[in-house]
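Summary of the model geometry
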Amino acid sequence: MEGCSKITEACPQLLDLIPREREWLVKRADERSSEEKKLELRLGPPGEEWSLRENAKNADDRERDESLLSLGYFSNGNQHTRKFSSPENLQPGSVWFNQQLSQQAKATPFLQFPSKTVTTRQSLPVMAKESSQPCCTKVVVDLQQSAEKKAFSPPAPANTAVVPSSSQKRTAPGSVVGWPPIRSSRKNLASSSSSKPVTDSQNESPNKKVASEKPVETCKKGMFVKINMDGVPIGRKVDLTAYDSYEKLSTVVDELFRGLLTAQRDSSAGGIMSEQEEEKAFMGVLDGSGEYTLVYEDNEGDRMLVGDVPWHMFVSMVKRLRVLKSSEVSALSLGSSKQGKESTDEMRRKNFAVKILF
Amino acid sequence: MVSLCSFISYYWEEEKRMNYFPDEVLEHVFDFVTSSRDRNALSQVCKSWYRIESSSRQKVFIGNCYAISPERVIERFPALKSIALKGKPHFADFNLVPHEWGGFVYPWIEAFARNRVGLEELRLKRMVVSDDSLELLSRSFANFKSLVLVSCEGFTTDGLAAIAANCRCLRELDLQENEVEDHRGHWLSCFHDSHTSLVSLNFACLKGDINLGVLERLVARSPNLRSLRLNRAVPFDTLQKILMQSPNLVDLGVGSYVHDPDSETYDKLVTAIEKCKSVRSLSGFLDVAPHCLPAFHSICPNLTSLNLSYAPGIQGGELTKLIRHCRKLQRLWILDCIGDKGLEVVASTCKDLQELRVFPSDPYIGHAAVTEEGLVAISSGCPKLHSILYFCQQMTNAALITVAKNCPNFIRFRLCILDPTKPDAVTQQPLDEGFGAIVHSCRGLRRLSLTGLLTDQVFLYIGMYAEQLEMLSIAFAGDSDKGMQYVLNGCKRLRKLEIRDSPFGNGALLMDVGKYEAMRSLWMSSCEVTLGGCKTLAKKMPRLNVEIMNENEQTDFIFDDAQKVDKMYLYRTLAGQRKDAPDFVWTL
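On a predicted model such as this, the values are computed, not experimentally measured, just so you know.

What follows covers the overall build of chain B. Helix and strand counts for chain B come out as 22 helices and 23 strands. Classification of the 588 residues of chain B by burial places 63% in the buried group. The contacts of chain B with a sequence gap of at least 6 include a subset with a gap of at least 24, amounting to 71%. Accessible area of chain B: about 21,600 Å², with a carbon and sulfur share of 49%.

Dropping the structure here:
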């Protein structure tokens, strides 16, 4: 930061939006401090002729800044100054703009930066780094030449220490507290609101689609979550939007894993399980009375027992499912704040009972 | 305001003459000045104006309930009748402020009651309102007329029952987006049979059941009812009956809207709606069968405000059909499932649009259905646009530049890209230039929220160009202290600054400590400021409350000045350290 105490070393940035305000800009330039004069925004609007604003104080710097269009690329102090096109390549504004639109239309972000875009950030100026270099030029991004786009690829690890520690907190959107910035009342909308069927029957649950009416789209397209089971190496996926209750989910879990489980037992123990034994394995996944218990991982990363919250709330929070052996579950912390004398089994039964009443 | 200034300057020169005007004349003149800001300006002209203005002001706005004590407010404004109070910092809406932080209204109501203030209107935002407060409120002010609660919490329907039962003059009960514990239905019955003065009733945020018969009778005996917003528990046929009773409604919030379009009830509703020629504002549709929407097409041409942001069930064709009828729309709140194409329909239909909010319908999955294209379409179709809140999947500098050119009149510009550090979707550049264009073009910009990949450069632009900026929200942006310094240095009118997850530290915080007394508040969370920096600031500025909230144990906290502070909230205050702060809040 020390090298940048004077803004004279910053990159002048020209973006002239409204040419008729040029006079105003000139006047302002005189009123502004010398610091501010160095940086001006300018972008020639489509169809207008571009012109260069001379500012005597910056003549040397400006010499290299013939091109006016910039989208904010600053070369890094440790790298060579880059120009992506020489001034001669500039097209008149309207053409740029039209091409920009067509670029956008067909552009696919072929450089898939991760959301942390650490590398991209490193290529941007932290002005502090530019103490030794002459002021970096304003670089023109010539969007008409897709070849140039490749120049944006992450530069050689030039700046290593740019990323401040707090950026480590800039994690993926789903798990950041308070993000996106909307009130809680807006959070579970898509799953909790319903488009009820034409015949107003009370027993229809929110997410079920009735075949007789016109297809009612909800914003949620099929929501597939992974489901793994203890002892079974290969997992499955279930589409939660296809079900509207915990009972149905329990049935599905049964169907998915019963075959696999049987096969494994067969191979390991020898002999064939009786039908009753098969059924027993999966009864009571939800209320803790069976051999297995269903748990899930929610959007905050916690493991939770399935069945506590209303179905639609569950659907909005669940990230993956797991079928655990019930004996394991009681040994684990379940994320519940209940202390106590109740056994885990009893707790689960109560939760289940509460759920039914809900 | 211009005329006011010339008024003031005229009298400034003619000060001697001014003294010959009796107070009553000045007071009468001041009656025409209603906005708080203008009245604040009046009171600063001279001592006698201060005295007259203060003794006659009836409507008071307190932007931070901890900035001043209720006693002091009462002392200064003895004619107080209407007060608006705000409590928690804005980021409390997004669960960034711990639950028991504060913002209790009880001490205010208690002080007003004790001092026999003739309170008639109370408007609260982000405050904790207990049932006891509501009970006390209902019993203490015989002329109480209007209660508006926005984003508040702490009360149940029992508190509402007290209001309904005891406030015999009540005209307005407006509950917006509050967290209310619903003890089911009976509060509505507490309105006396002789209570006929209701003008506005909004209980859309209540989750529980409502006694429908009671509601119908209440509406039937309220001939002045102009605004009614129902909750989800109110079904279709009740809506139909209510509309038959209240053809003069101006603002309607539909609760549940599910029915068979081939039924008689539906036909009756269509008739009832056709009679409601005064409806200008429509909202709700908390549960909806979209094919019943055509019933509303007859009033759509009159609508100036439409809020479908709680109606994910309305999408696609039905949604655009509805919007095509709304040619006079000025305000539109919608979910992003409208898509870019839907926004193009808005752009071509709603030429008078002034305010647009596009909310995400599925925040966890994170696939917003709108992009920069929708925003550009709106900006080119709706030149009167001055306020926007836009949650989107992606943005580009080119789009923002275009928007800035199309709509130079923005007062509020809030952009939220669901992936908060996403660069320009086409060029992978930071969005500095785009936002720079916005602040450069929109000279009247007062509120700005930024997201996307942003460097210090954007803050340089903001400091340079955003002269009228009063509120700025920053998240996951900037590279160094310089960013924040540009803003503090350049934005002379800045009142509220809130920053999260950005690399601004003590250097920025301490650059201009005097600035914070010219601002209402500063919030910084998950930034680089340390305990030592905050302590320094608190020491230099005794009239600021510098509150620290840390997740770790307080005891560790005290000894390590180099430790970073999780959450810091500072605000100017005349009331000193507050006495109701919970354990995890430490005022330095």
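Here we come to the overall build of chain A. Within chain A, the regular secondary structure consists of 12 helices and 5 strands. Per-residue burial over chain A gives 47% buried out of 358 residues. Within chain A, contacts between residues separated by at least 24 positions form 67% of all contacts whose residues are at least 6 apart in sequence. With the model as given, the accessible surface of chain A reaches about 18,500 Å², and the carbon-plus-sulfur share is 52%.

Residue and element names in this part refer to chain A. Summing up the model confidence of chain A, the mean pLDDT is 52 and the portion of residues at 70 or higher is 25%. Here residues 269–273 scores under 50 on pLDDT; set against residues more than four positions off or in separate chains, the count is 6 contacts. Considering only residues more than four positions removed or in separate chains, one finds that residues 350–358, a stretch of pLDDT under 50, has 11 contacts.

Once that is clear, we can look at helix H18 (residues 456–465) of chain B. Burial runs high along H18(B): 10 of the 10 residues are buried. Those residues of H18(B) that fall on the buried side of the exposure criterion are B:Asp456, B:Gln457, B:Val458, B:Phe459, B:Leu460, B:Tyr461, B:Ile462, B:Gly463, B:Met464 and B:Tyr465.

Residues and elements named next belong to chain A. With mixed pairing, the 5 strands of this open sheet are ordered in space as S2-S1-S5-S3-S4. If you trace the sheet from one side to the other, it starts and ends with strand S2 (232–239) and strand S4 (303–305), each paired once. Adjacent strand axes in the sheet meet at a mean angle of 30 degrees, parallel and antiparallel pairs treated alike. Strand direction decides the pairing type here: strand S3 (residues 292–298) and S4, joined by 3 bridges, are antiparallel. Residue pairing in the sheet places Val295 in a bridge with Leu305 of S4.

Bringing a positive patch on the surface into the picture now. Among the surface-exposed residues, A:Lys226, A:Lys237, A:Arg303 and A:Arg320 lie close enough to one another that they form a single positively charged patch. Here A:Lys237 shows up in strand S2.

Right, let's get into the pattern of salt bridges. Taken as a whole, this structure holds 30 salt bridges over all chains when the rule is applied. Among the salt bridges present, the one from B:Glu467 reaches B:Arg443, with a minimum N-O distance of 3.9 Å. Of the two residues, B:Glu467 sits in the loop between H18 and strand S18 (471–475) while B:Arg443 sits in the loop between helix H17 (432–441) and strand S17 (447–450), which places them 24 residues apart along the sequence. Under the relative-accessibility criterion, B:Glu467 is labelled partly exposed at 36%. The partly exposed category is assigned to B:Arg443, whose relative accessible area is 24%. By sharing partners, the salt bridges in this structure join A:Arg183, A:Arg186, B:Asp93, B:Arg126 and B:Glu177 into a single network.

All right, on to the packing of H18(B) against helix H19 (residues 481–490) of chain B then. Residues and elements named next belong to chain B. Interaxial distance between H18 and H19 falls to 8 Å at its minimum, and their mutual angle equals 5 degrees. Taken together, the axis directions place H18 and H19 in an arrangement best described as roughly parallel. Touching Asp456, Phe459, Leu460, Ile462 and Gly463 of H18 are Lys482, Gly483, Tyr486, Val487 and Gly490, all from H19. Classifying every residue of the contact of H18 with H19 by side-chain character gives 5 nonpolar, 3 polar and 2 charged.

So, about the nonpolar core. Residue and element names in this part refer to chain B. Within the largest apolar cluster, 184 residues are counted, with the highest numbers of intra-cluster contacts made by Ile83, Trp187, Tyr257, Phe285, Phe413 and Ile462. By residue number, the principal contributor to this core is H18, which donates 7 residues. Filtering out sequence-adjacent residues up to four positions away, Ile462 remains in contact with Val439, Leu448, Leu450, Leu469, Leu472, Val487 and Cys491.

All names here are of chain B. Across 5 bridges, the pairing between strand S4 (residues 146–150) and strand S6 (residues 172–176) is parallel. Each bridged residue has a counterpart across the sheet, and for Ser146 the counterpart in S6 is Glu172. Examined bridge by bridge, S6 and strand S8 (residues 200–202) share 3 bridges and lie parallel to one another. In the strand pairing of S8, Asp174 is matched with Asn202.

This part takes up the packing of aromatic side chains. Residue and element names in this part refer to chain B. A full pass over the atoms with the stated rule returns 23 aromatic pairs over all chains. In this structure an aromatic cluster arises from ring pairing among Tyr66, Phe91, Phe94, Trp101, Trp523, Tyr569 and Tyr571. A cation over an aromatic ring shows up here: Arg578 above the ring of Tyr66, its NZ or CZ 4.5 Å from the ring centre.

Here the focus is the environment of B:Thr304. Residues and elements named next belong to chain B. With respect to the element layout, Thr304 can be found in the loop between strand S11 (281–288) and strand S12 (305–307). Residue classification places Thr304 among the partly exposed residues on the basis of a relative accessible area of 24%. Put simply, Thr304 and Ser281 are 23 residues apart on the chain and 6.0 Å apart in space, counted from C-alpha to C-alpha. The residues contacting Thr304, other than those within four sequence positions of it, are Arg280, Lys328, Leu329, Gln330 and Arg331.

This part takes up the state of the cysteines. Residues and elements named next belong to chain B. The final tally for this structure, using the stated rule, is 0 disulfides over all chains. Note on Cys152: no disulfide assigned, nearest cysteine sulfur contributed by Cys205 at a separation of 9.9 Å. Free cysteine Cys442: the closest other cysteine sulfur is in Cys407, separated by 7.7 Å. Of the residues examined, Cys442 reaches a relative accessible area of 2% and is grouped as buried.

Another aspect to go through is the pairing of strand S3 (residues 121–125) of chain B. All names here are of chain B. Only one face of S3 is covered, namely the one carrying Leu122 and Leu124; the face carrying Glu121, Arg123 and Lys125 has none of its residues buried. In this structure, strand S2 (residues 82–86) lies alongside S3, joined through 5 bridges in parallel fashion. Bridging from a neighbouring strand, Ser82 pairs with Glu121 of S3. Considered for its hand, the β-α-β crossover made up of S2, helix H7 (residues 106–114) and S3 is right-handed. By the bridge criterion, 5 bridges tie S3 to S4 in an arrangement that is parallel. Among the inter-strand pairings, Glu121 is bridged to a residue of S4, identified as Ser146. This β-α-β element, S3 to helix H8 (residues 131–140) to S4, shows right-handed connectivity.

Backbone torsion omega between A:Trp179 and A:Pro180 reads -5 degrees, so that peptide bond is classified as cis. Residue placement: A:Pro180 occurs in the loop between helix H6 (146–150) and helix H7 (189–192). Positive phi values are uncommon outside glycine, yet B:Ser151 reaches one of about 50 degrees. As for its position among the elements, B:Ser151 is in the loop between S4 and strand S5 (153–156). In this model, B:Gln428 sits at a positive phi of 65 degrees, which is unusual for a non-glycine residue.

The next subject is the environment of B:Val585. Residue and element names in this part refer to chain B. Along the chain, Val585 turns up in strand S23 (residues 585–587). With 36 residues separating them along the chain, Val585 and Met549 place their C-alpha atoms 4.9 Å apart. Not counting chain neighbours up to four residues away, the residues in contact with Val585 comprise Trp101, Glu547, Ile548, Met549 and Arg578.

What follows deals with the packing of helix H10 (residues 212–220) of chain B against helix H11 (residues 236–245) of chain B. Residues and elements named next belong to chain B. Here H10 crosses H11 at 15 degrees, and the two axes come no closer than 9 Å. As far as their axial angle goes, H11 and H10 are roughly parallel. The handedness of the crossing between H10 and H11 comes out as right-handed. Packed against H10, whose contacting residues are Leu212, Leu215, Glu216, Val219 and Ala220, the element H11 presents Thr238, Lys241, Ile242 and Gln245 at the interface.

What counts, and at which threshold
Residues numbered from 1 in each chain as written. Chains lettered and ligands numbered in written order. Predicted model: local features only at pLDDT ≥ 70, side-chain atom pairs only at ≥ 80, totals over all residues. Heavy atoms only, no water. Helix = DSSP H or I, 4+ residues; strand = E, 2+ residues; numbered from the N terminus. Buried < 20%, exposed > 50% of the residue type's maximum accessible area, 1.4 Å probe, protein only. Contact = heavy atoms within 4.5 Å. Areas by Shrake-Rupley, 256 points an atom, 1.4 Å probe, with all protein chains shown as cover. pLDDT = per-residue confidence, 0-100. Pairing = 2+ DSSP bridges. Axes fitted to C-alpha atoms, helices over the stretch in contact; angles between N-to-C directions. Patch = residues over 30% accessible without salt bridge, like charges linked within 9 Å, V, L, I, M, F, W, Y side chains within 5 Å. Salt bridge = Lys/Arg side-chain N within 4 Å of Asp/Glu carboxyl O. Lys, Arg positive; Asp, Glu negative; His and termini not counted. Charge placed at Lys NZ, Arg CZ, Asp CG, Glu CD. Parallel < 35°, antiparallel > 145°, perpendicular 65-115°, else oblique. Nonpolar A, V, L, I, M, F, W, Y, C, P; charged D, E, K, R; others polar. Core = buried A, V, L, I, M, F, W, Y, C linked by side-chain atoms within 4.5 Å. Phe/Tyr/Trp six-rings, centres within 6.5 Å; stacked < 30°, edge-to-face > 60°. Lys NZ or Arg CZ within 6 Å of the ring centre and 35° of its normal. Disulfide = S-S within 2.5 Å. Right-handed = clockwise from strand over helix to strand, strands pointing away. Left-handed = near helix turned anticlockwise from the far one by under 90°.

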